[in-house]
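Structural description and commentary
Chain by chain, the residues run as shown.
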Number of protein chains: 2
Amino acid sequence: MTEPKKPDAPAATGRANKHARDGKSNPTIYDIAKVAGVNPSTVSRALSKPGRVSAKTQKLIEDAAAELNYQVNPFARALPTGRTNTFGLIVADITNPTFFDIIRGAETTATLRDYTLVLAESAESAVTELTAARRLMATVDGLILASPRTDDDNIRALARDKPVVVINREVEGVPCVVPDVNKGIGEAVRSLAANGHTKVAFVAGPPQSWMSARRWEGVRAACEWSRLEAVRLDSTKPTVDGGRQVARDVRASGVTAVLTYNDLLAIGLMQELQAAGIVVPDQISIVGFDDIFGADFTTPPLTTVRSPLGECGSGAATLLLDLLHGMGEPAGTLRVETELVLRGSSGRLLPAG
Amino acid sequence: MTEPKKPDAPAATGRANKHARDGKSNPTIYDIAKVAGVNPSTVSRALSKPGRVSAKTQKLIEDAAAELNYQVNPFARALPTGRTNTFGLIVADITNPTFFDIIRGAETTATLRDYTLVLAESAESAVTELTAARRLMATVDGLILASPRTDDDNIRALARDKPVVVINREVEGVPCVVPDVNKGIGEAVRSLAANGHTKVAFVAGPPQSWMSARRWEGVRAACEWSRLEAVRLDSTKPTVDGGRQVARDVRASGVTAVLTYNDLLAIGLMQELQAAGIVVPDQISIVGFDDIFGADFTTPPLTTVRSPLGECGSGAATLLLDLLHGMGEPAGTLRVETELVLRGSSGRLLPAG
DNA sequence: CAATAAATGGCAACCGGTTGACAAATGGGG
DNA sequence: CCCCATTTGTCAACCGGTTGCCATTTATTG
């Protein structure tokens, strides 16, 4: 006796009332189909597969869609296809201006190519980063990791799942965007040498930072080439505060010029030295890295080795999007140039007054 | 010989092979159901409706889920429910540091409450903003607009669709988070008056900016109260560059103190004045707004009326999330305090040398 | 003009979780 | 021991596009 009640009256509506619009929710392809007098699947094709339907039908459908003010439901699309037109960007610290331009570069490229950017922060922690990455993975088509703290293996594991692009670090087998530090560092060190400096310090960044290691290598090599003595100092954290803290060590080291892992350290260091009555650049030259927002706010404005951060962001996004659109498997490293931005914080050493 | 053709032997599998796992894609509730020996809908209930199933079944299902390393498919969930555990944040300009802290505040709160933040930029354009807002609306549960350029009606229209919270502007009928400028402005103007200034200028921001209008009102009122003369100058854009450009007008106006719509204008203005040989604050005092990152990098460091931007971001997110979780319809305005941060760029006027 | 190839539109089965309606099991009271 | 009120689990119909397959229509060509 299963007689299931017969929910729909047989004669009343030709089509089942399955996709009846009550005027409340958004229009669907079924509504368009009804208006245009075609099958829903034809609507779907017209809207997503250019050239699959005749120009006539196409127009019919587009008009109906425009009339109803139709917008695709991204979830309904994502469910069967897995495509979301979305990608994630994970940065170590949202308030670190280094990432501002990266974010903007990525966002601009995303919007330009009709993608949406999802942003997450790892708070400089490897585990938070991995958690965030895993969480995002479920909802995006691909992922950009900016200065990741996670180890190479985990990054490769993520990359096996969906396309991943890394900024500011090289990971074997994963496409990367990396500023080539050597040119900028070479210019910086030669400039210091030309101004009579003979001993320079490099203030390093976080120990896990791949980029910090590269910069120190670059500085050491360039100094060797220019016959300068180079010493390496450690910082507690790559921030303005960290820069202030390292000032003691800098003074103790007896150098006349300092390169720091990033601009924040340079700014903090300069503030602390000036507070101690040391004149920059007359008594000590300071050179930062990245040319972040605000690097020219200081007095004297900061000399720095510029990384084209916006370019890194948009380059990474482009790489990722190309990857998503089937452009094979480049997996190479995109290298962008660095250059010295000579401002007031570096220069000739004045004879001690 | 296990007969590799015959995809489904009639007797072998009780259920149809509809939700058979091929080991490639992610596990679904159907897999869990099979492992736990219950119906898929029971799994769904166990995982989303606490208390709906018996503790015994609950445990069974949770174990199976853990074993299979199950993660819900957000799209499959979003499709029938409309819930996405995601909200959008639209800012006028990603590289404007004013928004950094707002973004961070919102992001932190989002993550804390298990939401994902989607970021979009309007490039200071009302139409881009509306486009971005409409686009995001489809994929998020709610929206935060930071310093929107769109007009009130459009914002209310958005708010009819899904919960919307506005930062840095008041829109009737829409919940807002607004720094109350009067306290900070009062402190600033009194400080200027106490230092002997008699005529001050306010450099305004974008004409559509609600906040710029409030600040000018506040400045005018405070000046009146302190019996100072106040003049209003216009800027071309609310950036460092805009600040440089307005320097001419500032000098021509004959004031001895300037408040600017934001810190970027103040910084640009100060740079330009200093480049012209004017000493800050001896010859002119400068006061910014917001206390953005880098406001203390300048020499002299910038005096500014601080808005608790991080608090705005997290406050807006909290408001939105509460709204989403059914806490009625507060729709009120959350006011946060501003305060004067006295640094070196303002002070006593020195007699002209 | 018939035969064949290509373009086009329709049908229906998905994607994976949610939820209303209902049946079965469980428990409590008389 | 039976009846009724609750809990717990099951069924099946969604949500809204996508896409393989097939039937038709239209264009091409001998």
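That block above? That's the structure.
All of these numbers come straight from a predicted model, not from anything done at the bench. In every chain, residue numbers begin from 1 and rise along the written sequence. For this description, chains carry letters from A and ligands carry numbers from 1, given in the order in which they are written. Local features in this predicted model are restricted to residues whose pLDDT is 70 or higher, and side-chain atom pairs enter the listing and the counts only when it is 80 or higher, whereas totals over whole chains, interfaces and linings include all residues. As a rule here, side-chain values cover all heavy atoms of the structure and leave hydrogens and water aside.

1. Here we look at the protein's contact with DNA strand C
Proximity criterion: a residue is near a molecule or strand once any of its heavy atoms comes within 4 Å of it. Surveying the vicinity of DNA strand C reveals 28 residues, the closest of which are N39 and T57 of chain A together with R45, K49 and R77 of chain B. Within 4 Å of the protein, atoms of DNA strand C come from sugar and phosphate in 56% of cases. Side-chain atoms alone can form a polar contact between residues adjacent in sequence; in general such a contact is a pair of N or O atoms within 3.5 Å, and within protein one must be able to donate a hydrogen while the other accepts it. Between DNA strand C and Y70 of chain B there is a distance of 2.9 Å, counted from a sugar or linking oxygen to a side-chain nitrogen or oxygen. Only DSSP runs of H or I covering at least 4 residues are called helices, and only runs of E covering at least 2 are called strands; the numbering of each starts at the N terminus. Listing elements by their share of the surface near DNA strand C, those giving two or more residues are α2 (40–48) and α4 (74–81) of chain A together with α1 (29–36), α2 (40–48) and α4 (74–81) of chain B. If one sorts the elements of the surface near DNA strand C by residue count, α4 of chain B sits on top with five residues. For this classification, Asp, Glu, Lys and Arg are treated as charged, while Ala, Val, Leu, Ile, Met, Phe, Trp, Tyr, Cys and Pro are nonpolar and the rest, including Gly, are polar. Considering only residue class, the surface near DNA strand C consists of ten nonpolar, eleven polar and seven charged.

2. A closer look at the pattern of salt bridges
Side-chain pairs of opposite charge can arise whenever the charged atoms involved come near each other. The salt bridge definition used is simple: a Lys or Arg side-chain nitrogen within 4 Å of an Asp or Glu carboxyl oxygen. Tallied over the full model, the rule gives 33 salt bridges over all chains. The salt bridge partner of D290 of chain A is R215 of chain A, with a shortest N-O separation of 2.9 Å. Placement of the pair is D290 of chain A in strand β9 (residues 285–290) and R215 of chain A in helix α9 (residues 210–225), with a sequence separation of 75 residues. Across the pair, R215 of chain A and D290 of chain A agree in class, each one buried. As a salt-bridge pair, R169 of chain B and D152 of chain B come within 2.7 Å of each other at their nearest N and O atoms. Of this pair, R169 of chain B sits in the loop between β4 (164–167) and β5 (176–180) while D152 of chain B sits in helix α7 (residues 152–161); the two residues are 17 residues apart in sequence, bridging distant segments of the chain. Working definition: with a 1.4 Å probe on protein chains only, accessible area under 20% of the residue-type maximum means buried, over 50% means exposed, and in between means partly exposed. Among the residues examined, R169 of chain B registers a relative accessible area of 5% and is labelled buried.

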